[in-house]
Amino acid sequence: MKKNNKGFMLAETLIVTTFVAGVLIYMFIQFTNLNQNYDESYKYNTVEGIYALEDLSDFILDNSLVINNIDVLLPSEKYTDISKCDEEVVINSEYCKNLVEALNIEKAYVTTNKFNNTVKDNLKDEFGNFINKIKSEGSEKYRLIAKFKDGTFATIRFGE
Amino acid sequence: MNKRGFTLVELITTFALSAVIITILTNIVLIMKNMYNNTSAKTELYINQANLSNYINSKLNNGKLLTYSTCNDSNFCYTFTFSDGTTSRLVITDNKITFGDYNYVLKSNNYVEGESFDILNTAPLSDSTLNDSIMVINIPIKSKLYPKENFGVNIVYQYNSNTLY
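So, here is what we can say about the structure in this document. (Residues numbered from 1 in each chain as written. Chains lettered and ligands numbered in written order. Predicted model: local features only at pLDDT ≥ 70, side-chain atom pairs only at ≥ 80, totals over all residues. Heavy atoms only, no water.)

For the structure shown, the criterion picks out 8 salt bridges over all chains. One salt bridge connects Glu140 of chain A with Arg157 of chain A, and the closest N-O pair in it is separated by 3.0 Å. Placement of the pair is Glu140 of chain A in the loop between α6 (117-127) and β3 (142-148) and Arg157 of chain A in strand β4 (residues 153-158), with a sequence separation of 17 residues. The salt bridge involving Lys42 of chain B is made with Glu149 of chain B; its shortest N-O contact spans 2.8 Å. Note that Lys42 of chain B is positioned in helix α1 (residues 8-62) and Glu149 of chain B in the loop between β9 (141-143) and β10 (153-159), a separation of 107 residues in sequence. Taking the relative accessible area as the measure of exposure, Glu149 of chain B reaches 25% and is therefore partly exposed. (Salt bridge = Lys/Arg side-chain N within 4 Å of Asp/Glu carboxyl O. Helix = DSSP H or I, 4+ residues; strand = E, 2+ residues; numbered from the N terminus. Buried < 20%, exposed > 50% of the residue type's maximum accessible area, 1.4 Å probe, protein only.)

Once that is clear, we can look at the interface of chain B and chain A. Taken together, the contacts link 38 residues of chain B with 28 residues of chain A. Viewed at the interface, chain A and chain B are joined by 6 residue pairs in polar contact (both at pLDDT 80 or more). Put simply, the parts of the chain that give the side of chain B that touches chain A at least two residues each are α1, β7 (116-121), β8 (133-139) and β10 of chain B. Top contributing element to the side of chain B that touches chain A by residue count: α1 of chain B, with 21 residues. Grouping the constituent residues of the side of chain B that touches chain A by class yields 19 nonpolar, 16 polar and 3 charged. (Contact = heavy atoms within 4.5 Å. Polar contact = N/O pair within 3.5 Å; in protein donor to acceptor, adjacent residues only side chain to side chain. Nonpolar A, V, L, I, M, F, W, Y, C, P; charged D, E, K, R; others polar.)

A separate point is the packing of helix α2 (residues 47-62) of chain A against α1 of chain B. Relative to each other, α2 of chain A and α1 of chain B sit at 25°, their axes nearing to 9 Å. In terms of axis orientation, α2 of chain A runs roughly parallel to α1 of chain B. Contacts between α2 of chain A and α1 of chain B pair Val47, Glu48 and Tyr51 of chain A from the former with Gln49, Ala50, Ser53, Asn54 and Asn57 of chain B from the latter. (Axes fitted to C-alpha atoms, helices over the stretch in contact; angles between N-to-C directions. Parallel < 35°, antiparallel > 145°, perpendicular 65-115°, else oblique.)

Attention now moves to the state of the cysteines. Applying the stated rule across the entire model yields 2 disulfides over all chains. Disulfide pairing places Cys85 of chain A opposite Cys96 of chain A at an S-S distance of 2.1 Å. Residues Cys85 of chain A and Cys96 of chain A share a disulfide whose torsion about the S-S bond is about -70°; that sign makes it left-handed. Pair noted here: Cys85 of chain A is in the loop between β1 (79-81) and α4 (87-90) and Cys96 of chain A is in helix α5 (residues 93-102), with a separation of 11 residues, a long-range link. Overall, Cys85 of chain A belongs to the buried group, its relative accessible area being 2%. When its relative accessible area of 0% is taken as the criterion, Cys96 of chain A is described as buried. Note on cysteine connectivity: Cys71 of chain B is disulfide-linked to Cys77 of chain B, with sulfurs 2.0 Å apart. (Disulfide = S-S within 2.5 Å.)

Written out as structure tokens, the structure reads:
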């Protein structure tokens, strides 16, 4: 009986299929990451967000009592929710609430510029991937991190 | 017997595999081309947004606003007077936003919707030197290409009501 030499061996077929499948899966994963980064890039540190935080930092710095209260809170609590406009922190709660509303801020935290991984972990639920993209650099003393009502995020350093 | 060439099974397998790979790659290229086209249109809108925001914010913050008033105009129009005696007029029409000598002409796909001008006052503070009022100029700019996004500006100007009237 003659041996039929047509076609591929099973091993050959499996190897080629595995190799091609591996390449396609790798390309798909890279492309998904690229698409996600593209979508996210438009939501982080928008022009409007940066200006809004500049306005909020002006409010904080203009009032020395506010800065004193923050200086008292930060060593122990590591971060303060400034958007709540608590009277113990901001003195003029009504003005602060008007300002937060006008700036379309959903949540804003003041922290030290060089904040550690504990702060990142605690804020991760609120800010998601954005918190991982913040680099602790610069000589400024404080950092504002905010989430806006339109789903965008922004952060600035401020204060000497 | 002539043993050159490929078997039928080899050819069919190769063509089938190539067709699958080419289809996937073509899809990826088309998606990336679409992404590129969208990016350039969006980028232009964001650049215009940044320019408008920068100009108005700089003018209000650096120019020391003295007073404001509405214009005798059917369009959305306000006149701002600064301490150096100069004035800038903010006018919004169907396809153009003007602030002083800065003009932003909107393309046919873009339009302003729901512009507003508000003053938020709070009760006088014990420290009368602190800001107690907020001027909010909201100019939402929408695009038919991206209906869910806002490419407009939201200008917030904080001031002391004793210095502005």
